[in-house]
Amino acid sequence: MKTQNFGYKKLYINGELVDAESYKRIEVVCPATGEVIAEVAEAGEADAQKALISSEKGFKYWSKISLAERTEWMTKLRIAVLAKEAELRSAIVHEMGKTYAGAWEDIEAVANALEWYPAAMKNLRDEQIPDYENTHTHRMIKQPAGVAVAYLAWNFPLLNVGFKLGPALAAGCSLIIKPSTISPLSTYMIGEILHSIDFPAGVVNILSGPSSTVATTMTKSKIPAVLTMIGSTATGQRVIADSTTSIKKLGMELGGNAPFIVFEDADFDTALDLAIGLKFGNTGKICVAANRIFVHKNIYDKFLAAYIKRASELKLGFGMDRTVNMGPLVTRKDRDRMFDLINDAISKGAKLEYGGGIPVGMDAGNWLEPTVLSNMTSDMKVFRDETFGPIAPFMSFESDDEVLELANDTEFGLASYIFTNNHNRIHRFSEELQFGEVQVNGVKYAIYLPHGGIKNSGIGHDCSHLALDDYLVKKRISIAIN
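Reading the values: the criteria
Residues numbered from 1 in each chain as written. Predicted model: local features only at pLDDT ≥ 70, side-chain atom pairs only at ≥ 80, totals over all residues. Heavy atoms only, no water. Helix = DSSP H or I, 4+ residues; strand = E, 2+ residues; numbered from the N terminus. Rg over C-alpha atoms; globule rule 2.2 N^0.38 Å. Contact = heavy atoms within 4.5 Å. Lys, Arg positive; Asp, Glu negative; His and termini not counted. Charge placed at Lys NZ, Arg CZ, Asp CG, Glu CD. 1 Å grid on protein atoms, 1.4 Å probe; cavity = no way out; pocket = protein on both sides within 12 Å on 5 of 7 lines; lining within 4 Å. Points joined across faces, edges and corners; volume = space filled by probe spheres on them. Nonpolar A, V, L, I, M, F, W, Y, C, P; charged D, E, K, R; others polar. Phe/Tyr/Trp six-rings, centres within 6.5 Å; stacked < 30°, edge-to-face > 60°. Buried < 20%, exposed > 50% of the residue type's maximum accessible area, 1.4 Å probe, protein only. Lys NZ or Arg CZ within 6 Å of the ring centre and 35° of its normal. Pairing = 2+ DSSP bridges. Axes fitted to C-alpha atoms, helices over the stretch in contact; angles between N-to-C directions. Salt bridge = Lys/Arg side-chain N within 4 Å of Asp/Glu carboxyl O. Right-handed = clockwise from strand over helix to strand, strands pointing away. Polar contact = N/O pair within 3.5 Å; in protein donor to acceptor, adjacent residues only side chain to side chain.

Trainee: Lay out the overall build of the chain in plain terms, naming residues and giving numbers.
Mentor: Looking only at helices and strands, the chain has 14 helices and 21 strands in total. Here the C-alpha radius of gyration of the chain, 23 Å, is about what a compact globule of 482 residues would show, namely 23 Å. Along the longest, intermediate and shortest principal axes, the C-alpha atoms of the chain span 75 × 65 × 40 Å. The contacts in the chain between residues at least 6 apart in sequence include a share of 74% that link residues at least 24 apart. Side-chain charges in the chain split into 50 positive and 58 negative, and the spacing between the mean points of these groups amounts to 5 Å.

Set out below in structure tokens:
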């Protein structure tokens, strides 16, 4: 596996590419090989403070210019990002271990968000409120909330950027982006692109560093009006706790534990294809991954056998090989956690049907075979925890009541999937599944479709016009009729 070295990348603060005040650096490690493939400036508290002050100034400018002017800048950025597709795609493959096709999904998300959100903002209308005594006119207008800070997970480095950058800029907010220290490379390259097109200073700032200093500094500051994030539920809880120095708007897409339910009347091949894709795509490192697979007892053995065959046919490898289906885990710690989940399940009665080990000849990096477990029970960690890896646990069920109770038996409530052709069942499960998304007989995600969870899976939505709500405040204007 031949890797590329991307050199050293600087912080992007106040429109300039700068070193961290401490001159510290973060080594970016390729999860496929364990090699250092880049260094990025490691921000500290002083850098976070600079970003906050810069964003405050940036907001004053950006919030006052017209949507048409903001759209021009966003279009210019979109064109510049697409012009760097090859470099960005290679960076994502190297820092995250994504497949070549998977890396394009990240870049496409940024491009789509920069194009779609200005149009969505343009389509927002003031709300007219009737006055029942005919003494006043009333309307509700929406205005930019202020400085926004985005904390982003490592699993989709640029898709996560796009989900925050698009609505924030369209709404008129300035934005500080803090990517994970695990996969900051491609986001820092967005900073280089912003610098190359002379994007207005302070409107976007990009820095990464230890959450205990960088994130805590920004979260506790009274400057941000909006805190938005994509990450774990535990991280979300810490951000909420630290944010109470002032009243801030919160938008959070947090953990998931999606049930994937296959009834005996389902389209077998469609359910099989999606059960594979939603588990092993991005090596299972997706918040909406098929975490717990429930299959009706009448087709359980057939479905499990077909699934094992398909899992065994996946091609593992470095994503610059365009024929690869699955990459490595992002860190050795993450892989160790997979072994813990597998061992816990087996100790409690699960059967290892396939995988579970390091692929032959792949000792370097963080590789794990696609893994299939049967006989899952509700006391196992693979049932309770967000797996975030290539482990597919199976459980059979007999009745609708049984599987509905099992599916809802989780603190999380992000995505859920059901496959059946029974219309009464579709209606019941759509109403009673306790998840922010219920996908029936297929799967679709797009920039225009709301993406959000309930319970411990988050607050608000990414994607769609609903994402704009995180970055806008409402104001009532009442005028007396003379």
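Moving on, there is more to tell.
Trainee: Mind laying out empty space enclosed by the protein, listing which residues take part and the relevant values?
Mentor: Going through the model one piece at a time under the given rule, you end up with one cavity of 30 Å³ or more. The space that makes up the largest cavity amounts to roughly 30 Å³. Of the residues belonging to the lining of the largest cavity, the class tally is two nonpolar, five polar and four charged.

Trainee: Would you mind going over the layout of surface pockets in detail, with residue names and values included?
Mentor: Gaps left between atoms show up when a probe the size of a water molecule is rolled over them. What the second largest pocket holds in volume is close to 250 Å³. Around the second largest pocket, the lining comprises 13 residues; the ones closest to its centre are Leu 67, Arg 70, Met 121, Lys 142 and Gln 143. Put simply, the parts of the chain that give the lining of the second largest pocket at least two residues each are α2 (67-83), α4 (100-122) and β7 (136-144). It is β7 that contributes the most residues to the lining of the second largest pocket, three residues altogether. Partitioned by chemical class, the residues of the lining of the second largest pocket number six nonpolar, two polar and five charged.

Trainee: Before we move on, could you go through the packing of aromatic side chains and cite the residues and values that matter?
Mentor: Following the criterion strictly, the structure yields 14 aromatic pairs and no others. Taken together, a centroid distance of 6.3 Å and an interplanar angle of 50° make the contact between Phe 303 and Phe 394 tilted. Of this pair, Phe 303 sits in helix α10 (residues 300-312) while Phe 394 sits in strand β17 (residues 391-397), placing them 91 residues apart in sequence. Summarising the burial analysis for this pair, Phe 303 and Phe 394 share the class buried. On the numbers, 4.9 Å between centres and 70° between planes, the contact of Tyr 307 with Phe 394 is edge-to-face. One end of the pair, Tyr 307, is in helix α10; the other, Phe 394, is in strand β17, with 87 residues separating them in the sequence. Here Tyr 307 matches Phe 394 in class, with each residue buried. An aromatic cluster of at least three residues, connected via ring pairs, comprises Phe 268, Phe 280, Tyr 300, Phe 303, Tyr 307 and Phe 394. Here Arg 25 stacks its cationic end above the ring of Tyr 8, 3.6 Å away from the centre of that ring.

Trainee: Give a description of unusual backbone geometry that names residues and reports values.
Mentor: Positive phi, close to 55°, is recorded for Asn 282, a residue that is not glycine. Mapped onto the elements, Asn 282 comes out in the loop between α9 (268-280) and β14 (290-296). Positive phi values are uncommon outside glycine, yet Cys 463 reaches one of about 65°. Within the secondary structure layout, Cys 463 lies in the loop between β20 (458-459) and β21 (472-480).

Trainee: Describe the sheet that holds β21, with residues and values.
Mentor: Ordered in space as β6-β7-β21, the three strands form an open sheet in which the pairing is antiparallel. The open sheet has two free edges, formed respectively by β6 (127-129) and β21, since each of these has just one partner strand. Taking the axes of each pair of neighbouring strands and ignoring which way they run, one obtains an average angle of 25° across the sheet. Pairing of β7 with β21, which is carried by nine bridges, proceeds in the antiparallel orientation. Across the sheet, the residue bridging to Gln 143 is Val 473, located in β21.

Trainee: Describe the pattern of salt bridges, naming the residues involved and giving the relevant values.
Mentor: According to the stated counting rule, one finds 20 salt bridges in the structure shown. The partner of Arg 78 in a salt bridge is Glu 115, and the shortest N-O contact between them spans 3.7 Å. Separated by 37 residues along the polypeptide, Arg 78 in helix α2 and Glu 115 in helix α4 bring together distant segments of the chain. Arg 78 gets classed as partly exposed once you look at its relative accessible area, which sits at 22%. For Arg 139, the salt bridge is made with Asp 126, and the minimal N-O distance between the two is 3.0 Å. Of this pair, Arg 139 sits in strand β7 while Asp 126 sits in the loop between α4 and β6, placing them 13 residues apart in sequence. Judged by its relative accessible area of 32%, Arg 139 falls in the partly exposed class.

Trainee: A description of the sheet that holds strand β5 (residues 36-41) should follow, citing residues and the corresponding values.
Mentor: Overall, mixed pairing links the three strands, which are arranged β1-β5-β4 in an open sheet. If you trace the sheet from one side to the other, it starts and ends with β1 (8-9) and β4 (25-29), each paired once.

Trainee: Got a sec to walk through the pairing of strand β13 (residues 258-262)? Specific residues and values, please.
Mentor: Of all five residues in β13, five are buried, a share of seventy percent or more. Side chains Ala 258, Phe 260 and Val 262 project from β13 onto one buried face, and the interleaved Pro 259 and Ile 261 project onto a second face that is buried too. Chirality of the crossover, the property in question, places the unit of β13, α9 and β14 among those that are right-handed. Here three bridges tie β13 to strand β18 (residues 415-419), and the two strands are oriented parallel to one another. From the neighbouring strand, Val 262 faces β18, where its bridge partner is Phe 419.

Trainee: Account for the side chain of Asp 47, naming residues and giving values.
Mentor: Assignment of secondary structure puts Asp 47 in helix α1 (residues 45-62). The side chain of Asp 47 sits in the buried core without any salt bridge; Lys 50 is the nearest counter-charge, 4.9 Å away. At 3.1 Å, the side chain of Asp 47 forms a polar contact with the backbone nitrogen of Glu 21. In this structure, Asp 47 is in contact with Leu 11, Ile 13, Asp 19, Ala 20, Glu 21, Glu 42 and Leu 207, ignoring residues within four places of it in sequence.

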